[in-house]
Amino acid sequence: MHILVTGGAGYIGSHTVKELVKTGHQVTVLDNLSKGWRATVNKARLLKGELTDQRLLCELLQAEKIEAVMHFAASSLVGESMQCPADYYANNVTGSLVLLEAMRKVGVPYFVFSSTAAVYGEPIEIPISEDHPTIPTNPYGATKLALEEALPWYYQAYGLRYISLRYFNAAGADPEGELGEDHNPETHLIPLVLKTALGRAPEIKIFGNDYPTPDGTCVRDYIHVTDLAQAHILALEALAGGVDFSIYNLGNGNGYSVLEVVQATEKVVGKPLPKTFTQRRAGDPAILVASAERIKRELQWKPCYSDLQTIIETAWRWQQKNPLGYPKC
Ligand code: UDP
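Keep in mind it's a predicted model, so treat the numbers as computed, not measured.

What counts, and where the lines are drawn
Residues numbered from 1 in each chain as written. Predicted model: local features only at pLDDT ≥ 70, side-chain atom pairs only at ≥ 80, totals over all residues. Heavy atoms only, no water. Helix = DSSP H or I, 4+ residues; strand = E, 2+ residues; numbered from the N terminus. Rg over C-alpha atoms; globule rule 2.2 N^0.38 Å. Buried < 20%, exposed > 50% of the residue type's maximum accessible area, 1.4 Å probe, protein only. Areas by Shrake-Rupley, 256 points an atom, 1.4 Å probe, with all protein chains shown as cover. Lys, Arg positive; Asp, Glu negative; His and termini not counted. Charge placed at Lys NZ, Arg CZ, Asp CG, Glu CD. Right-handed = clockwise from strand over helix to strand, strands pointing away. Pairing = 2+ DSSP bridges. Contact = heavy atoms within 4.5 Å. Salt bridge = Lys/Arg side-chain N within 4 Å of Asp/Glu carboxyl O. Near = heavy atom within 4 Å. Polar contact = N/O pair within 3.5 Å; in protein donor to acceptor, adjacent residues only side chain to side chain. Nonpolar A, V, L, I, M, F, W, Y, C, P; charged D, E, K, R; others polar.

Asker: How do you make sense of the overall build of the protein chain when you look at a structure like this?
Answerer: The helix and strand tally for the protein chain stands at ten helices and 14 strands. Expected size for 329 residues packed as a compact globule is a radius of gyration near 20 Å; at 19 Å, the protein chain falls within 12% of this value. On the principal axes, the C-alpha backbone points of the protein chain span a range of 55 × 40 × 40 Å. When the 329 residues of the protein chain are sorted by exposure, 55% land in the buried category. Total accessible area on the protein chain is roughly 14100 Å²; 52% of this is exposed by carbon and sulfur atoms. In the protein chain, which carries 30 positive and 36 negative side-chain charges, the distance between the mean positions of the two groups comes to 5 Å.

Spelled out as structure tokens, the structure:
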């Protein structure tokens, strides 16, 4: 298939492009490079452009005979979304609706959507299944949910078939060492811990140690980015095989606390790391752990790299090789 991957120069997008190309698909990446890196896209065609450019999108979908869209391009930081909700609504809702409109006009039948555990809000039940109530507590989750809620109507009226994938904590790096995680600014736990190990950050700040968890620090479900990428391929195959729509969680069902992540990293890098406890970060629920039973059962998804040690080892390998991240051009 020829697939358009929006945001394909970003962290999860680039790992998915790699797996799609390996599987034999043709890929075109659309990315405005506001967060993504040109260097990640070396096996697909990269088009620099905006999601809100409907003319560009229509021409692209039509000229390239695109059969499916995987939509990663989005703003994705909880804290930033609390400060700048307008940007989140513009990028994540308006941008996505322009894309869907172009798909509708041209008649592209399949849509795989990057959603998030942030659609659930404060969990009332752990592990969180797809049937858990969705009451987001920040604009990031709210904007992702807004698009999820549009999709059934697009299916009903226009026949758009879709799968929404709700990611828990994407982590790790391509096991072959070609791709990694490079955000600017970096806010995610594992790359920040590894930057401390490399001496590029003075210490790890642990946000809160008074949560109702066994060691007082937040518990998250870390899922390897290559396992996430594989789930996108299964979603695409399911749509092409006749599935009309679905929503799946992507996590590994095991929670690790921030302290456990730091300790596991100390083992991988072979030395203790400087750390301090600071205030809680606004908007952080105490525990987020997925039930991913549905996608395992229905699409036979089998995460292969998602034990914590493999996640950290693959991330560490890439960070050591690329201490300054991707080339900044
Ligand atoms: N965290 C932390 N220190 C940091 C960055 C993150 O203690 O410098 C915590 C954060 O509060 C959360 C967990 O690590 O409980 C994972 O955060 P991250 O930003 O990686 O992902 P999120 O859960 O926000 O998607």
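Asker: Please explain the pairing of strand β2 (residues 26–31) as it appears in this structure.
Answerer: The buried count for β2 comes to five of six residues, which makes it a mostly enclosed element. For the handedness criterion, the β-α-β arrangement of strand β1 (residues 2–6), helix α1 (residues 11–23) and β2 is classed as right-handed. In terms of strand pairing, β2 meets strand β3 (residues 45–48) through four bridges, oriented parallel. Bridge assignment links Thr28 to a residue of β3, and that residue is Arg45.

Asker: Please explain unusual backbone geometry as it appears in this structure.
Answerer: Across residues other than glycine, the phi torsion is negative in most instances, and most of the peptide bonds are trans. Each neighbour pair has its own omega, and for Ile126 with Pro127 the value is -5 degrees, a cis peptide bond. The step from Asn184 to Pro185 runs through a cis peptide bond, and the omega angle for that step is 0 degrees. With respect to the helices and strands, the residue Pro185 is situated in the loop between β7 (169–171) and α6 (189–197). Here Leu33, not a glycine, exhibits a phi torsion of approximately 60 degrees, which is positive. You can see Leu33 is positioned in the loop between β2 and β3. For Leu33, a relative accessible area of 19% puts it in the buried group.

Asker: Looking at this structure, I do not really get the environment of Tyr140. What am I missing?
Answerer: For Tyr140, the position within the fold is in helix α5 (residues 139–158). Apart from the residues lying within four places of it in its own chain, the contact partners of Tyr140 are Ser75, Ser76, Leu77, Val78, Ser81, Tyr88, Asn92, Thr116 and Ala118.

Asker: In this structure, what is going on with the pattern of salt bridges? I would like to understand it.
Answerer: For side chains bearing opposite charge, pairing can occur when the charged atoms are close. Taken as a whole and assessed by the stated rule, the structure comprises 19 salt bridges. Here Arg220 and Asp284 are joined by a salt bridge, their closest N and O atoms 3.5 Å apart. Placement of the pair is Arg220 in strand β9 (residues 219–220) and Asp284 in the loop between β13 (275–278) and β14 (287–288), with a sequence separation of 64 residues. For the residue pair Arg220 and Asp284, the accessibility class agrees, reading buried in each case. With its nearest N and O atoms 2.7 Å apart, the salt bridge here joins Glu266 to Lys275.

Asker: Just checking my understanding: could you explain the site of the ligand for this structure?
Answerer: Around the ligand, a shell composed of 14 residues is seen, among which Leu189, Lys205, Phe207, Arg281 and Asp284 lie nearest. Thr187 is positioned with one of its backbone polar atoms (N or O) 3.4 Å from an oxygen atom of the ligand. In the environment of the ligand, an oxygen atom lies 2.9 Å from a nitrogen or oxygen atom belonging to the backbone of Phe207. In the complex, 87% of the free accessible area of the ligand, which totals 510 Å², lies under the protein chains. When contributions to the shell around the ligand are tallied by element, the ones reaching two or more residues are α6 and β8 (204–207). Take the shell around the ligand: its biggest share by element is three residues, from β8. Partitioned by chemical class, the residues of the shell around the ligand number seven nonpolar, three polar and four charged.

Asker: Before we go on, may I ask you to explain the side chain of Glu148 in this structure?
Answerer: Looking at where Glu148 falls in the secondary structure, it is placed in helix α5. For Glu148, a relative accessible area of 6% corresponds to the buried category. Polar contacts involving the side chain of Glu148 include one to the side chain of Arg166, which spans 2.6 Å. Not counting residues up to four positions away in its chain, the partners in contact with Glu148 are Phe113, Ser115, Val119, Ser164, Arg166 and Ile247.

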